[in-house]
Amino acid sequence: MRLLQRLAIARLHARLPAWVRIAVAIVAVVLGIVIVIRPTTALDVLAWLIGGGMVLTGLLELTGREGEVRRPRWRTVAGVAWLVGGGIVLLAPGLTVRVVAVVVGVLLLANGILGVASVFARGRSWDARIADGAFGVSGVIFGALALFWPDITLLVVAVVFGARLIMSGVVDLWTRLRRRHDDRAAEQAGQTGPPKRRWGRTVIAIASVALAVTTTIATAPLRDGSTVVDDFYAAPRDIPDAPGQLVRAEPFTGGIPASAQGWRILYTTTGVDGRVRVASAIVAVPREGAGRWPVINWNHGTTGFAAHCAPSLQPRGLWAGAFYMLPRAIKEGWAVVGTDYIGLGTEGPHPYLIGPPSAHASLDAVRAARQLEEADLGARSVVWGHSQGGGAALWAGSLAREYAPDVWVQGVAALAPASDPAALVQGISSVTGGSIFASYAFASFSQIYPEIEYRDYVRPGAETALRQMSDRCLSDPTIVLSVAAALGMSRDPALFSRSPASGALGRHLRENTAPLHSTAPVLLAHGGADSVIPVAAQADFVDRMCAAGQDVDFRTYAGYEHAGVIERPSPLIDELFDWTRDRFAGVPVADGCTTTER
């Protein structure tokens, strides 16, 4: 232990002029603030910031505290440990998120335990005991958060460590300034002796405990578990060898109004590779009436990429995929069949923004739901879809006659559709929060098309964050971490190191652009203030449809955002029901393309 106390770096720092030590404390505070307010910067930059902060923490620990005749041995050990840990992070900035989290968490935890143990050391003043004990408790709490957070990210580690660095710097700065004040006062009075007892450090230490406890309580909802995929979604060994076959069904009540009855179903469909796969869906029909219900074939908007993101697993079911109109649809006397698509609930990967398998899952859900006798579905259907589901709806309208001629599609309503994935992904980095959607797209395309790899398109500093985002659903409590990371990334350089429109990714994105022809009348509606899919980009797609000879009823709604266009009080809602009612009634549509601005 004495060898550690005599380390050259400790002796050197102890001999530094007071103004240098004050400067070190100020730098520690500033660096801690930078880490806290910018925890979502590029991974490589953040590793350097954290490594530098660890070195500063070591220097602060190697400095004696106010009121101490000699430096406690445990603080020397802790200081050296922080220096070593900081050196590891600085010399190996390519460390994984988990390794950096473990290094920081272990050091915070160990430092905290040593601080708590020092309370019982001999010859210490009460203010020093209370301060070290309080800092020790907060260190244990922060260390545990960094180590045992169930969805570990550098966001958590950076905020925790940054707060710790700020407190250490403030304490050391306070100590140095008070010490200089006391020395000057003593010199003027001609007094000598040990430094006066001061409680400023103790107050800050107690505040650190309050901060740690508050952080633990405030983040408790983020540590709640996500929905869990249950056995219902497991495919049996002997699934039917044809798509559109009902495998199993059970009652479903999540988000189903009292005027309706619902089921979740497992059924067969055709995957990306042409093989029969299983998918799941929600079915809802009016509780009272004559039956043979016309079907709204709902294609939900983005809920996520992971298996537990299926709407049928969420407490509010269809609402999770932006279908807020279920009570009104039921009141109209319509049934609703909403697919989860492949890979949400069932075995993946989920073909996010990949057209054919999404359309197959949509059409096959209606086929399978018709085999559910209790539902008593009729032959007529109109396809609705929003965002991701809007693109799927356009694909379903194009493929229906060839793929599922037994599904009588009388209309396609594509609402703010992701009609052009290449344009969407290429412009997503300029959209606030767009990196969340980009994470789902890269997870999907990289898993389904093996020739596509993250490192070919995504900046190294953004890859880890994107991979973590793709594991969270939009309904997960931890989505706030993705939102925070997305906001931070929006201030960083471009998300892509290479244009996503190039190479294999660009080719497959273009392959999944929605078809320009449909087998049924098309209503395409879009919000004029849409920041996710610019209305101008949608207008370009409509122009291409019209040039190809497809009749399109294109309507835009000034002032409405991407999701707001399908929520009250958007005028689209009433118009959508009127348009759908006409399709079920067989009212002819006008020839040609029309554009209406609301």
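Residues numbered from 1 in each chain as written. Predicted model: local features only at pLDDT ≥ 70, side-chain atom pairs only at ≥ 80, totals over all residues. Heavy atoms only, no water.

Strand order across the open sheet formed by 10 strands is E1-E2-E3-E5-E4-E6-E7-E8-E9-E10, with mixed pairing between neighbours. Strands with a single pairing partner mark the edges of an open sheet, and in this sheet they are strand E1 (246–251) and strand E10 (594–597). This sheet shows a mean twist of 20 degrees between the axes of neighbouring strands, independent of strand direction. The sheet contact formed by strand E3 (residues 276–286) and strand E5 (residues 335–341) spans 5 bridges and is antiparallel. Paired with Val-283 across the strands is Val-337, a residue of E5. Packed onto the sheet, helix H18 (residues 535–547) meets strand E8 (522–527) and strand E9 (552–557) and runs at close to 170 degrees relative to E9. (Pairing = 2+ DSSP bridges. Helix = DSSP H or I, 4+ residues; strand = E, 2+ residues; numbered from the N terminus. Axes fitted to C-alpha atoms, helices over the stretch in contact; angles between N-to-C directions. Contact = heavy atoms within 4.5 Å.)

Side chains bearing opposite charge may pair, as long as their charged atoms lie close to each other. A complete count under the given rule lists 17 salt bridges for this structure. For the salt bridge of Arg-455 with Glu-453, the shortest nitrogen-to-oxygen distance reads 2.7 Å. As a salt-bridge pair, Glu-575 and Arg-555 come within 3.1 Å of each other at their nearest N and O atoms. Residue Glu-575 is located in helix H19 (residues 572–585), and its partner Arg-555 is located in strand E9; the two are separated by 20 residues in the primary sequence. Residue Glu-575 shares its accessibility class with Arg-555, and that shared class is buried. A network of salt bridges, in which partner residues are shared, links Asp-553, Arg-555, Glu-575 and Arg-598. (Salt bridge = Lys/Arg side-chain N within 4 Å of Asp/Glu carboxyl O. Buried < 20%, exposed > 50% of the residue type's maximum accessible area, 1.4 Å probe, protein only.)

The subject of this paragraph is the side chain of His-360. Considering the arrangement of structural elements, one finds His-360 in helix H11 (residues 355–370). Not counting the four nearest positions on each side in its chain, His-360 is found in contact with Thr-269, Thr-270, Leu-399 and Tyr-403.

Let us look at the state of the cysteines. Applying the stated criterion across every chain, the model contains 2 disulfides. The disulfide partner of Cys-309 is Cys-473, and the S-S distance across this bridge is 2.0 Å. Linking Cys-309 and Cys-473, the disulfide has an S-S dihedral of approximately -90 degrees and is accordingly described as left-handed. Here Cys-473 lies in the loop between helix H15 (460–469) and helix H16 (479–489) and Cys-309 lies in the loop between strand E4 (293–299) and helix H10 (326–331), a separation of 164 residues in the sequence. Each of the two residues, Cys-309 as well as Cys-473, counts as buried. (Disulfide = S-S within 2.5 Å.)

Below, the discussion takes up the side chain of Thr-513. Mapped onto the secondary structure, Thr-513 falls in the loop between helix H17 (503–511) and E8. A polar contact is formed between the side chain of Thr-513 and the backbone oxygen of Arg-510, at a distance of 3.1 Å. (Polar contact = N/O pair within 3.5 Å; in protein donor to acceptor, adjacent residues only side chain to side chain.)

As a further point, take the packing of aromatic side chains. The relative placement of two aromatic rings is captured by the distance of their centres and the angle of their planes. According to the stated counting rule, one finds 12 aromatic pairs in the structure shown. Note on Trp-298 and Phe-323: the rings are 4.8 Å apart at their centroids and 55 degrees apart in plane angle, and the pair reads as tilted. One end of the pair, Trp-298, is in strand E4; the other, Phe-323, is in the loop between E4 and H10, with 25 residues separating them in the sequence. Of the aromatic side chains, those joined through ring pairs into one cluster are Trp-298, Phe-323, Trp-334, Trp-384, Phe-577 and Phe-584. In this arrangement the basic side chain of Arg-248 is found over the ring face of Phe-232, its NZ or CZ atom lying 5.9 Å from the centre. The positively charged end of Arg-328 is found above the aromatic ring belonging to Phe-577, 4.3 Å away from the centroid. (Phe/Tyr/Trp six-rings, centres within 6.5 Å; stacked < 30°, edge-to-face > 60°. Lys NZ or Arg CZ within 6 Å of the ring centre and 35° of its normal.)

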